[in-house]
Amino acid sequence: MVPPADATYFDFANELVQDQPAEALDPEISGPLAAVGIVKGEPFEPDERMRGILTEAAAVGNATARTLACRPRPSEGAHYYGTSSQWVNGLLAAGYDFMTPPADITDSGVQPRPTSGARKLNLRSWWWYLAVGISPTFATRLTGVGSQYLFSFADQDGRPLDGGRNYRLVLPPDIPAARFWSVTVYDNQTRSMLDTPQRYPRAGSQAYPGPAATADPDGTTTVHFGPERPDGVPEGNWVQTLPDRGWFAVLRLYSPLGPFFDKTWRPGEIEAAG
């Protein structure tokens, strides 16, 4: 779950190609791999010159993908609540095929949205740099079906999230998830869950693997992020971070409800708390 981000990526890709049938990969994927010497049934033995090229390619490719993922352009349409918000969902802008946005669901029925006929490559890079799988239910506007995800890579002022600082996120009452919801913290270098002594870097409505988050008397739920749990904060409302690691958050809604799609329910921004 932690893919290499240096030139060993190509060795990893070669292992995959050699292990699987030749037809396992789409020709549009196996073609570029073949162009750098990764071919089913053939040894992958780049010389010193080629290894240097692959090393530079891995660094540039990783930096490019990271930028597309963590700082999508406003014109991509991924900012779910507009450019004043840090919450991002590229799937509802591009669809699971990254070409056709999901249809609108209205009282009159299903209203398909037009496609430009062009693959949204930047949003495709956004998703696949961060995630390892996809389903049409990730990009449907049907209530009570599938799951929806909102990503945040920065605080309310657009500053990258610092593992050495304290933050809070206020979720309004009636979080629109029929099954359950969670906020999970990821390492922005590995894109895997942040590895901390807390072990499960999440807060949510489920009481496993850690305590469920507790709502305040007014119905809001406040999630705190930081190296140490603030005084008076319930264990289930705190997600531990590390001073030497940046991070990002994913808010998940399982069996999302109408207020998410019509945006009458909206999470707060992640706010620096000192």
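Residues numbered from 1 in each chain as written. Predicted model: local features only at pLDDT ≥ 70, side-chain atom pairs only at ≥ 80, totals over all residues. Heavy atoms only, no water.

Engineer: Would you mind going over the overall build of the protein chain in detail, with residue names and values included?
Structural biologist: Within the protein chain one finds six helices and 11 strands. Within the protein chain, the proportion of its 274 residues that are buried is 41%. Across the protein chain, every contact between residues at least 6 apart in sequence was considered, and the portion connecting residues at least 24 apart equals 66%. A total accessible area of about 14300 Å² is found for the protein chain, and carbon and sulfur atoms account for 53% of it. (Helix = DSSP H or I, 4+ residues; strand = E, 2+ residues; numbered from the N terminus. Buried < 20%, exposed > 50% of the residue type's maximum accessible area, 1.4 Å probe, protein only. Contact = heavy atoms within 4.5 Å. Areas by Shrake-Rupley, 256 points an atom, 1.4 Å probe, with all protein chains shown as cover.)

Engineer: Provide a residue-level description of the packing of aromatic side chains, including the pertinent values.
Structural biologist: Throughout the structure, instances matching the rule amount to 17 aromatic pairs. Relative to tyrosine 149, the ring of phenylalanine 138 has its centre 5.1 Å away and its plane inclined at 75 degrees; by these criteria the two rings are edge-to-face. Here tyrosine 149 lies in strand β4 (residues 147-152) and phenylalanine 138 lies in the loop between α5 (121-130) and β4, a separation of 11 residues in the sequence. Both rings, one in phenylalanine 180 and one in tyrosine 254, keep their centres 4.3 Å apart while their planes meet at 20 degrees; by these two values the pair is stacked. (Phe/Tyr/Trp six-rings, centres within 6.5 Å; stacked < 30°, edge-to-face > 60°.)

Engineer: How would you explain the sheet that holds strand β9 (residues 238-240) if you had to name every residue and give the values?
Structural biologist: Strand order in the open sheet made by the four strands is β9-β8-β5-β11, with mixed pairing throughout. Strands with a single pairing partner mark the edges of an open sheet, and in this sheet they are β9 and β11 (271-272). As defined by bridge partners, strand β5 (residues 167-171) adjoins β11 across two bridges and the pair is classed as antiparallel. Bridge pairing links arginine 168 to glutamate 271 in β11. (Pairing = 2+ DSSP bridges.)

Engineer: Go over the sheet that holds strand β6 (residues 177-187) with me, naming the residues and quoting the values.
Structural biologist: Here we have five strands laid out as an open sheet, ordered β1-β4-β10-β6-β7, and antiparallel in their pairing. Strands with a single pairing partner mark the edges of an open sheet, and in this sheet they are β1 (87-88) and β7 (202-204). Bridge analysis of β1 against β4 gives two bridges, and the strand direction is antiparallel. Counterpart to valine 88 in the pairing with β4 is phenylalanine 151.

Engineer: So what's going on with the nonpolar core? Residues and values would help.
Structural biologist: In this structure, Trp181, Phe225 and Leu251 are the most contacted members of the largest nonpolar core, which totals 28 residues. Only β5, β6, β8 (221-226), β10 (247-256) and α6 (258-261) provide two or more residues apiece to this core. When sequence neighbours within four positions are dropped, the list of residues in contact with phenylalanine 225 reads Arg165, Asn166, Tyr167, Arg168, Leu169, Val183, Val185, Val239, Thr241 and Trp247. Among the nonpolar cores identified, the runner-up in size contains 23 residues, and Leu130, Phe138, Phe151 and Phe248 belong to it. (Core = buried A, V, L, I, M, F, W, Y, C linked by side-chain atoms within 4.5 Å.)

Engineer: Quick one: what's the story with helix α3 (residues 48-70), residue by residue and with numbers?
Structural biologist: Along its 23 residues, α3 runs 33 Å from first to last C-alpha, staying within 8% of the 33 Å computed at 1.5 Å per residue. By the burial criterion, the buried members of α3 are Met50, Leu54, Ala58, Asn62, Ala65, Arg66, Leu68, Ala69 and Cys70. (Expected span 1.5 Å × (residues − 1).)

Engineer: Tell me what's going on with a nonpolar patch on the surface, and back it up with residues and numbers.
Structural biologist: On the surface, a cluster of nonpolar side chains totalling about 300 Å² of accessible area is made up of Ile105, Val110, Leu142 and Val145. Relative to the helices and strands, leucine 142 is located in the loop between α5 and β4. (Patch = residues over 30% accessible without salt bridge, like charges linked within 9 Å, V, L, I, M, F, W, Y side chains within 5 Å. Salt bridge = Lys/Arg side-chain N within 4 Å of Asp/Glu carboxyl O.)

Fair warning: the whole summary comes from geometry, so function is off the table for now.
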